[in-house]
Structures are given as structure tokens and as C-alpha cells.
Amino acid sequence: MQMKKLFLAVALSAGMMASGSVMAACAFKNEVPLKSLSAGFDAWKAVAAAMSECGNFEGELDQEYKTKQPEAMKANPSLYHIGGVSNSTLVTLMGDNSVRPLDDLVAKYGQHLSPNQLIKIDGKIMAIAMMVNAQHLMYRSDILGELGIEPPTSYAAMLEAAAKIKASGKVDYPIGGTFKTGWNLGEEFINMYMGFGGEFFGEGNAATLNNAAGVKALEMLKAMTEYMDPEYLTSDSTYVQQQFQQGKIAMANLWASRAGAMDDEKESKVVGKVKMAAAPVAMEGGKPATTLWWDGVTIAANIPDDQAEAAFKVAMEGLDEEMVKANNDDAVWLIKGYTPGPAAKGAADSAAAGAPSYPASKAHGMIHTVAGSNLADYLTGKKDAATTLADMEADYTKAAKEAGLIK
Amino acid sequence: MKFKTFVAFVGPSILMMLLFIAAPLVSVFIQSFHHTQPVYETVTREVCTPGFIKQICQEETSSQPVLGADGKPLVETHYVGLQSYRDLLDMDRVWQAIDVGRWSEILTIDFWKALRFTLTFTLLTLPLVLLVGLALAVAINNALKSIRGPIIFITLLPFIITPVIGALSIRWLFIGDGIMTAMLEQWLQQDIAMFAQAWTIELLMYFYRVWHVAPFAFVIFYAGLQTLNQDTLESAIVDGASRWERVRYVLVPHLMPLIIFVALIHLMDCYRVFEEIVGFSSQAHVISLQWLTYDFLTPDDAGNRSIARASASAMLTMIGIVLLLIPLLRRTWRDHKRGGH
């Protein structure tokens, strides 16, 4: 996603946090040396810092974790005891059989977990979720209010609102979007395609993208780009977040994990002006055109049972009520003790309106990739919609044949 | 030299070359003809993921890797001939595009798009690097002795900067409302988006590469100029040769072996252009062959990567470099046989 790598000496930052804020120490003293690898955004920073309070713990935070985690945890013994995952990266670890079922450990140490946190696959608990994330609508309530525009609930309404905002000249670009070629753009397509009721697969893992829903999804994405910064194909979540903070855009579908940053007085010029709402629907009567993601922890399979037990205990300390209370606005937590603030409204409303969870699987990973790499030619006008969708299917078929998913 | 002594000296480096150059090459070559894949089975199972208040449990049918007795996924490898090369080159579509006369469609296929950029990039920057390098060398060679040291130092700076960092710095100067873009906008009184279309990004890339590599050419040429026979130069002056004629008939022939050396190195380096793509995040508009290989090797969220196509693309990149170098190598070989040096 980002080239930027975030390595953080967690022990150090934990020391700093402990001196700065009131944080109770870990309930027990951990004697087993443990390592974890996870993504590096704020929520993970908080969790890793809480885990390190137990001692003997080294938390590696790396936004590129997904490229090294599969190999590192496939090794025997695994190089990490705790693996931070999201719903899509769990697929890789499960496929390699490098994470262990947690039912026994949950029974022993995880009685306080809410059932919602237990990721069950085929009846077995494979991961403990800690937060959900989704892209949803964020908008400048002051601008929409002055122009007398209701917060849009559909993409058609969002485009109308954008036209009015553009005419008023209140911001540089009415809409912002995470349209960076690659993963970000792929995610936009998947959200929109599902929003139009599209199905990804037919018989035997064959891709079925070249259809009416596909064309509508592409056309809607292109219509949005008319109101965006012309450099949208390089714009990732951080860029959109900054555009908001600097008052350059008025609306965007952005990750819930970025919502807190809008009111960060150190960075934002628009404190209190950005409001959250459910992701707009793509078609009348449809569900919000977004997908629900979760992040959570797994325990490696290739480590001795006693280490796994220690790792699970430490992980539970990282995901406890105290951590959530101290970092309430860093994420939409699933952990007890969380009080949903205004920043969580978008994700909550999207979920309440029936937004589907992201359909993670081996085959779907490939759809995501081919969408991310093929859409740019359509958006810049080099290809028409039908050709683009046909090319996506063809690229998918090549990749799937090479990977053995299609015979 | 005795044969034994010769072997003792050369042996270690030959061993290293076999181990670290030949062996990986052979391995990549073999992989480009094979598909290595897990064995999949179709499984229907219940998957429970967090909702906002209540958990969502769904029946899902998906392909799952089959595990072997040792708990690891079963993997099989089979020979597929030229399939990966066919997938990469997509010749069917190329012929189709030629048939209907829409040449630009060829450039929407990744490989050809990458090849187009890689070649233009290599061939356009080559003369620029040579010219700028030569001009710098001649200019500094004529500068006052007392200030040469500091000038050489400053001229070399761009070459010292790590390529990715250099590319990123230029990107930050121009992206969005970067300092340079803001200045240009004020000067030209219009909205400028350098990263919104291919040609502006390419322009920045050419500029960056010449800025980065010209000091290398300069330092080589400058060293060469120090060995220039002053008598020849002076007799040329006595003969009434103008400044330009001196460069044309004395300097350039003297530096020719070095010019060929710099050209060789530059062609090899440029054909592997990669930092610029990453640094300028230009994937949407411009990609290179090396980046294509990297992209095939990068795992997606679900851990898939295309090793076979990456190997094929790496082999094709190598073949491309060899083809590009042949004219220069032939020239060096001819000079060598004539016993010039």
C-alpha cells in the first residue's frame, strides 16, 4: 500500500507513553521472549505498546507486513509468535496452515472476549478481531450546510452535490478519492461493483466481471474523477486525509481509521467541520457501496504450546479494556469498554445498513489486483468499459491458471 | 604465469560468478517454463466475521489449498512450455491490433507498454548524459585550478544521492501543490498537475535520470582529459583549429573508449529502470520492464504471486539488454582486434 515503512521500537514508545499518561502495567510478568508482526497504523501502535507492558515483548510495526509475514510464519519455528492480520491477509496464513486454532486458549484466558470478536472458520476460532474498518462518507458539514445540500446517501446524489460545490468554488476539488493505481483503486472497484450487486465468480473460479454491474461501476468511478484532483491516480488514503485536513476537498469515501485525524488540532485546519455518514449506495435500494474489514491477532502454529499460551496471554493484555479506554478514538474497536464517538458513526451506519464484509479469498485477491492495475487505462480514456472488463477477466484467468485455481 | 597459479587466482571469482550469477539465472530460466502451484479443493464452510453489533456468519464456498501429511500445503510443478511468455507478450492481441490498424492498442498491454517506455527512456537519456557529462568535463577542465576541487565536489553530489531518495525529492517538489508546481502555477497563471498525465511524468523522469547520472559521465571524462597529450592540443592551436574543431578532432577521439564505456554502463543501468517508477509512483501511466517483474513478484493480500511470469519477464529483460549492447560490444571487439589498445 505504502512504500513508507514503519519500524517502531515499541519498548521505547511504551516507556514514553507510560510516563506521559496513566497506563496500568500488565497484570502478569511475561517470562517467554515473544515477537509480533503487524501493520503500523495508530490502532496497532496502541495495541503493541499495551502488549509490551508485559515485558520480554518485541512488537514490529510495518505497513508492508503482508509481504514478510507469510514466509516468516511459515518457517519452523515461526519467526513471530503473534501475527497481526486483517481479513484478507488471514487467507494467506490459513492457506499455509501457519496459524493455530485458538479454541482452547480462548476457553482458558479469553472468557471476557465478546462473541463478535471471535473469527470462526469452519467452527474453529482462528483469530481474535479487535477493530472494524470500512470506507464511508466524510463530508464538510459547513460547506454542505451553507449550500443547502443534504448529506448524500447515494452516489448519484453525491455527484449532484459535487456539481453544486464546484459551482460555488468553495474548495479546490469537491471530491477526494483513494484512487491510487494498485490496491487502493482495486478496492474502489470492488466496493462499487458489489454496490451495483455484481457477482465476482461463476463456475469453477471463473471471473464474471464483464456485465452490466461492471460497466455501471466503471462509469460511476469515472464520473467521480471529474470532480477530483487531476492527480487522483496517485492519491492514497494519507493523501486524501491531508486534502481534507487542508480544506481542499469537501467529500470523500475514506477509511474509518482516518476519521480521528480530521479533528486532530495539530494537523487539521477543519477541526469539527468534517462529519461522518454511511457509505452512499450505488443504486436505488442497494446496500452501501463499501466492504467491512477487520483487524485482529493470530497465534503462530509452528511454535511450542507453552510459547503459544504466553503469546495469547500477552495478546489479551494488548486487547484489554484499559488499552481501549486510553486510545478510544484511534479505531472502531470491537473490544469491551469502547464508547463509539462521532468518528465511528460512518462505519456503524454503513454496517447497520447492511454493508457486506470484504469477500477475502485466494481467488478474490487476484480480482483485487487485476482491478487495481487495469482501471487506470479506462479512467484516462485509453480503453472503453467493455474492453477494460474483458481485459480484467483475461488477466485474472492468466493469474488463476498460473496459481492453479483454474485448471 | 603457471596454470596452477592462474587457477588459484581466478578460481574463487569464477566460483562466485557461478554461484551468484549463473546459478540464479539458470533457476529463473527453468522457472519461466514451469508453473508451481498448490493443489486446491473446493470447500464449503461457515465463516464468521465481526459485524458492528452482531457477528455475521455465512456459508462460503471457496478453493482451499490441500494440506499434506506434514501439515504443509501440497505443491505441484509442471512444465508449461512457453505459456508464461505467451501470457506476457499477448501476441494474439498484438496481431489483432495491427490487423485493424490501431497501433496504440498494443501499448495498453503491460509488456509492450513497459518496453516502449524502457526503450525511449534508455535511448533518450543516453545522448543527454554523454553531452552533459562531456560539457561539464570540458568546462571544469578549463576552470581556474584553485576552484576546481569545490566545483567537482558539488557536481558529483547528485550521483551520491540514493536513487529512490532523489526521485522522491523531485516528486515532492512537484506533486499536488508542491513548491515547484506552485511556483510554475503562479508564473504561468494556470492550474498545473504534473502527475495527471504520462508525458509530464516522463519528462520529470528523464530530467531526474540525466541529473543523477551525468556526474558519473563527467568524472570519467574529466579523468580522461587529464591524460590528453598537451602537445597534440597545442599543435592543433598552432594549426589554427577553432575551439569546436579541437573538441571534435582531438578531445572526442581521445575520449572515445571512455565514451563507449560510459554508454555501455548507462545502457545496462537504464534498461533496468525501476527507481523512477516507484519514486514517482507512476504505475498508472508509465511502467518499465523491471517494474513489471517486480509487480509479478509482489504478493497480493491473499499471498498470490506470479513467479512464472516474473521469470519470463526477467529473461526477456536480459535478452533486451544483450540486444542493446551488441552494437557497442562489436565496436569494442573490432578495436581490440585492430590492436588499438
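Residues numbered from 1 in each chain as written. Chains lettered and ligands numbered in written order. Predicted model: local features only at pLDDT ≥ 70, side-chain atom pairs only at ≥ 80, totals over all residues. Heavy atoms only, no water.

Another aspect to go through is the interface of chain A and chain B. Contact residues are listed per partner, giving 60 residues for chain A and 53 residues for chain B. Where chain A abuts chain B, roughly 4,800 Å² becomes buried across the two surfaces, and 51% of that area is made up of carbon and sulfur atoms. In terms of surface lost to chain B, no three residues of chain A exceed Glu 231, Lys 398 and Glu 402 of chain A, which account for 16% of the buried area on that side. Put simply, Lys 66 of chain A and Asp 301 of chain B hold a salt bridge, and the shortest N to O gap is 2.7 Å. Scanning the region where chain A abuts chain B turns up 25 residue pairs in polar contact (both at pLDDT 80 or more). Of all the secondary-structure elements, those providing two or more residues to the side of chain A that touches chain B are helix 3 (65-74), helix 4 (87-95), strand 4 (118-121), strand 5 (124-140), strand 9 (292-299), helix 13 (345-352), helix 14 (362-379) and helix 15 (385-403) of chain A. Bridge count between strand 4 of chain A and strand 2 (residues 40-49) of chain B: two bridges; the pairing is antiparallel. Within strand 2 of chain B, the position partnered with Lys 120 of chain A by the bridge is Cys 48 of chain B. (Contact = heavy atoms within 4.5 Å. Buried area = accessible area lost by both parts, 1.4 Å probe. Salt bridge = Lys/Arg side-chain N within 4 Å of Asp/Glu carboxyl O. Polar contact = N/O pair within 3.5 Å; in protein donor to acceptor, adjacent residues only side chain to side chain. Helix = DSSP H or I, 4+ residues; strand = E, 2+ residues; numbered from the N terminus. Pairing = 2+ DSSP bridges.)

Right, let's get into the packing of aromatic side chains. Residue and element names in this part refer to chain A. According to the stated counting rule, one finds 21 aromatic pairs over all chains in the structure shown. With a centroid separation of 5.9 Å and 50° between ring planes, the pair formed by Phe 201 and Tyr 396 is classed as tilted. With a gap of 195 residues between them, Phe 201 in the loop between helix 8 (183-195) and helix 9 (212-225) and Tyr 396 in helix 15 connect regions that are remote in the sequence. Since its relative accessible area comes to 26%, Phe 201 is described here as partly exposed. (Phe/Tyr/Trp six-rings, centres within 6.5 Å; stacked < 30°, edge-to-face > 60°. Buried < 20%, exposed > 50% of the residue type's maximum accessible area, 1.4 Å probe, protein only.)

A few words now on the pattern of salt bridges. Inspection of the entire model under this criterion finds 21 salt bridges over all chains. Where Lys 382 of chain A meets Asp 377 of chain A, a salt bridge forms, and the shortest distance between an N and an O atom there is 3.8 Å. The exposure class assigned to Lys 382 of chain A is partly exposed, which follows from its relative accessible area of 44%. A salt bridge links Arg 102 of chain B to Glu 105 of chain B; the nearest nitrogen and oxygen atoms lie 2.7 Å apart. Residues joined by salt bridges that share partners form a network here, namely Glu 60, Asp 62 and Lys 68 of chain A.

Moving on, we get to the state of the cysteines. As used here, a disulfide is simply a covalent bond connecting the sulfur atoms of two cysteines. The full count for this structure, using the stated rule, is two disulfides over all chains. Each disulfide pairs two cysteine sulfurs, and for Cys 26 of chain A the partner residue is Cys 54 of chain A, the sulfurs being separated by 2.0 Å. On the sign convention where negative is left-handed, the bridge of Cys 26 of chain A and Cys 54 of chain A, at about 80° about the S-S bond, is right-handed. On the criterion of sequence distance, the pair formed by Cys 26 of chain A in the loop between helix 1 (10-20) and strand 1 (34-38) and Cys 54 of chain A in the loop between helix 2 (42-52) and strand 2 (57-61) is long-range, its members being 28 residues apart. Of the two residues, Cys 26 of chain A and Cys 54 of chain A, neither departs from the other in class, the shared state being buried. Residue pairing for Cys 48 of chain B: its cysteine sulfur links by disulfide to Cys 57 of chain B, the two sulfurs lying 2.1 Å apart. With the S-S bond torsion at 110°, the cross-link from Cys 48 of chain B to Cys 57 of chain B turns out right-handed. According to the relative accessible area criterion, Cys 48 of chain B is buried, its value standing at 3%. Judged by its relative accessible area of 39%, Cys 57 of chain B falls in the partly exposed class. (Disulfide = S-S within 2.5 Å.)

To continue, consider the domain arrangement of chain A. All names here are of chain A. As far as domains go, chain A holds domain 1 (10-133 + 293-346) and domain 2 (134-291 + 347-352). Here the C-alpha centroids of domain 1 and domain 2 sit 30 Å apart. Residue-level contacts link 11 residues of domain 1 with 17 residues of domain 2. The three residues of domain 1 that bury the most area against domain 2 are Asn 133, Trp 293 and Gly 346, which together make up 53% of that side's buried surface. Summed over the shared surface of domain 1 and domain 2, the result is one salt bridge. Between Lys 345 and Asp 349 there is a salt bridge; the shortest N-O distance is 2.8 Å. Seen at the junction of domain 1 and domain 2, the total is 12 residue pairs in polar contact (both at pLDDT 80 or more). (Domains from an automatic or database assignment.)

Residue and element names in this part refer to chain A. With respect to the secondary-structure elements, Tyr 155 resides in helix 7 (residues 155-168). Note on Tyr 155: relative accessible area 2%, which makes it buried. Along the sequence, Tyr 155 and Thr 298 sit 143 residues apart, while their C-alpha atoms lie 37 Å from each other. Excluding anything up to four places from it in sequence, Tyr 155 contacts Met 192, Met 220, Met 224, Asn 253, Pro 280, Val 281, Ala 282 and Ala 289. At 2.9 Å, the side chain of Tyr 155 forms a polar contact with the side chain of Asn 253.

Here the focus is the pairing of strand 5 of chain A. Sheet faces and side chains relate simply in a regular strand, where the side chains alternate between the two faces. Residue and element names in this part refer to chain A. Within strand 5, 16 of the 17 residues are buried, leaving the element largely enclosed by the surrounding structure. In the sheet, strand 4 pairs with strand 5 via four bridges, with the strands oriented antiparallel. Within strand 5, the position partnered with Ile 119 by the bridge is Ala 127. Relative to strand 9, strand 5 runs antiparallel, the two sharing six bridges. When the bridges of strand 9 are listed, Ile 128 appears paired with Val 297. By the bridge criterion, five bridges tie strand 5 to strand 7 (residues 249-255) in an arrangement that is antiparallel. Across the sheet, residue Leu 137 finds its bridge partner in strand 7, namely Asn 253. Pairing of strand 5 with strand 8 (residues 274-277), which is carried by four bridges, proceeds in the antiparallel orientation. Across the sheet, residue Tyr 139 finds its bridge partner in strand 8, namely Lys 275.

What follows deals with the side chain of Arg 100 of chain A. All names here are of chain A. Among the structural elements, Arg 100 can be located in the loop between helix 4 and helix 5 (103-109). Within the local environment of Arg 100, its side chain forms a polar contact with the backbone oxygen of Ala 300, the two atoms lying 2.9 Å apart. Within the structure, Arg 100 has its side chain in polar contact with the backbone oxygen of Ile 303 (distance 2.6 Å). Those residues within four positions of Arg 100 in sequence are excluded, and the remaining contacts are Ile 125, Met 126, Ile 299, Ala 300, Ala 301, Ile 303, Pro 304, Asp 305 and Ala 308.

All names here are of chain B. On the surface, Met 16, Met 17, Leu 19, Phe 20, Ile 21, Leu 25 and Met 318 cluster together into a nonpolar patch covering about 690 Å² of accessible area. No other element matches helix 1 (residues 3-31), which puts six residues into the nonpolar patch. The exposure class of Phe 20 is exposed, given its relative accessible area of 57%. (Patch = residues over 30% accessible without salt bridge, like charges linked within 9 Å, V, L, I, M, F, W, Y side chains within 5 Å. Areas by Shrake-Rupley, 256 points an atom, 1.4 Å probe, with all protein chains shown as cover.)

Moving on, we come to empty space enclosed by the protein. Counted under the stated rule, the structure contains six cavities of 30 Å³ or more. Each pocket or cavity is described by its volume, and for the largest cavity that value is around 270 Å³. Together, 20 residues line the largest cavity, and Asn 87, Val 91 and Ala 360 of chain A together with Val 47 and Glu 60 of chain B are the ones closest to its centre. Mapped by element, the contributors of at least two residues to the lining of the largest cavity are helix 4 and strand 4 of chain A together with strand 2 and strand 3 (56-65) of chain B. If you tally residues by element for the lining of the largest cavity, the top one is strand 3 of chain B, at five residues. Counted by class, the lining of the largest cavity contains 11 nonpolar, seven polar and two charged residues. (1 Å grid on protein atoms, 1.4 Å probe; cavity = no way out; pocket = protein on both sides within 12 Å on 5 of 7 lines; lining within 4 Å. Points joined across faces, edges and corners; volume = space filled by probe spheres on them. Nonpolar A, V, L, I, M, F, W, Y, C, P; charged D, E, K, R; others polar.)

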